[in-house]
Amino acid sequence: MRCSLKLLVPVIFLAVPALALAQSSSRFNVGTPLSQQEIKSFDFMIGPDGKELPPGHGSPKDGSAIFAKRCQVCHGQNGEGGAIRRLVLGSPGNPFRGPFRDNEKSALSYYPYATVVWDYINRAMPASNPGSLTADEVYSLVAFLFYRNGIIKETDVLDEKTLPKVEMPNRHGFVPDIPVYPPEPKPSWW
Ligand code: HEC
């Protein structure tokens, strides 16, 4: 008898929440399905060819003012190194083509595709309020940062058509993990 009482107490403790779960209207009563609206709010990845890019446009000049207001506090004047992270290597007319060492790999010149920069800024920046930029603001910021990195000219305008055509300075600086022969212009993993 003593023995079965010892068993009974934990069984009761386990059974009460289990019963509560079983009686709830949805099966386990944990979480709710995401609405289409909620899924849409983070389902906006831009691939290398940029076909998902939204319409919009921006120039380095437009981007300069937005950068000073919303980005400079962390990334320094003109993105040239602030409290957080340098976004610019090279200079207007003079892109940095490597070699890239550890701390330089985080500057924009390292990225293989222009559209990746758009996607990153749109999704993650400013770090204090990600997702708060409009499409035009993102095009403008990318244009400004590309100009400062020597990737485009000061008079160029970026939009959903021109951005994917921008050739990044390190575009062919990546080699496949497993070498292929004959070498392809496109990395073999893509
Ligand atoms: C509150 C500080 C803060 C602000 C403001 C901010 N950033 Fe950042 N940014 C960061 C941090 C922190 C990282 C590094 C994030 C990581 O590595 O996970 C970063 C990374 C980046 C990168 C990626 C660099 C790389 O490593 O490849 C870009 C591009 C960038 N920020 C652009 C911007 C732009 C454009 C703005 C203005 C709209 C902005 N950031 C505003 C903090 C900030």
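Conventions adopted
Residues numbered from 1 in each chain as written. Predicted model: local features only at pLDDT ≥ 70, side-chain atom pairs only at ≥ 80, totals over all residues. Helix = DSSP H or I, 4+ residues; strand = E, 2+ residues; numbered from the N terminus. Buried ≥ 20, exposed ≤ 12 C-beta atoms within 10 Å, placed from the backbone. Contact = placed C-beta atoms within 7 Å. Near = placed C-beta within 6 Å. Nonpolar A, V, L, I, M, F, W, Y, C, P; charged D, E, K, R; others polar. Arc of directions from axis to C-beta.

Enquirer: For this particular structure, what's the right way to read the overall build of the protein chain?
Expert: The helix and strand inventory of the protein chain stands at six helices and two strands. Ordered by position from N to C terminus, the α and β elements of the protein chain give α-α-β-α-α-α-α-β. The proportion of buried residues among the 190 residues of the protein chain is 24%. Long-range pairs, those at least 24 residues apart, make up 61% of the contacts in the protein chain with a sequence separation of at least 6.

Enquirer: Whenever I open this one, the site of the ligand confuses me. Can you help?
Expert: Surveying the vicinity of the ligand reveals 19 residues, the closest of which are C71, C74, S106, P126 and A127. Within the residue set of the shell around the ligand, elements represented by two or more residues are α4 (72–75) and α5 (114–124). When its residues are assigned to classes, the shell around the ligand shows 14 nonpolar, three polar and two charged.

Enquirer: Help me understand helix α3 (residues 60–70) in this model?
Expert: Because an α-helix packs 3.6 residues into every turn, residues spaced three or four apart end up facing the same way. Three or more residues of α3 are buried, namely P60, G63 and F67. In an axial view of α3, the angular spread of the buried residues amounts to 55°, which keeps them on one side of the axis. Turned more than 90 degrees off the buried face of α3, the exposed positions are A65 and K69. For α3, the secondary structure elements touched by its buried residues are β1 (57–58), α4 and α6 (135–148).

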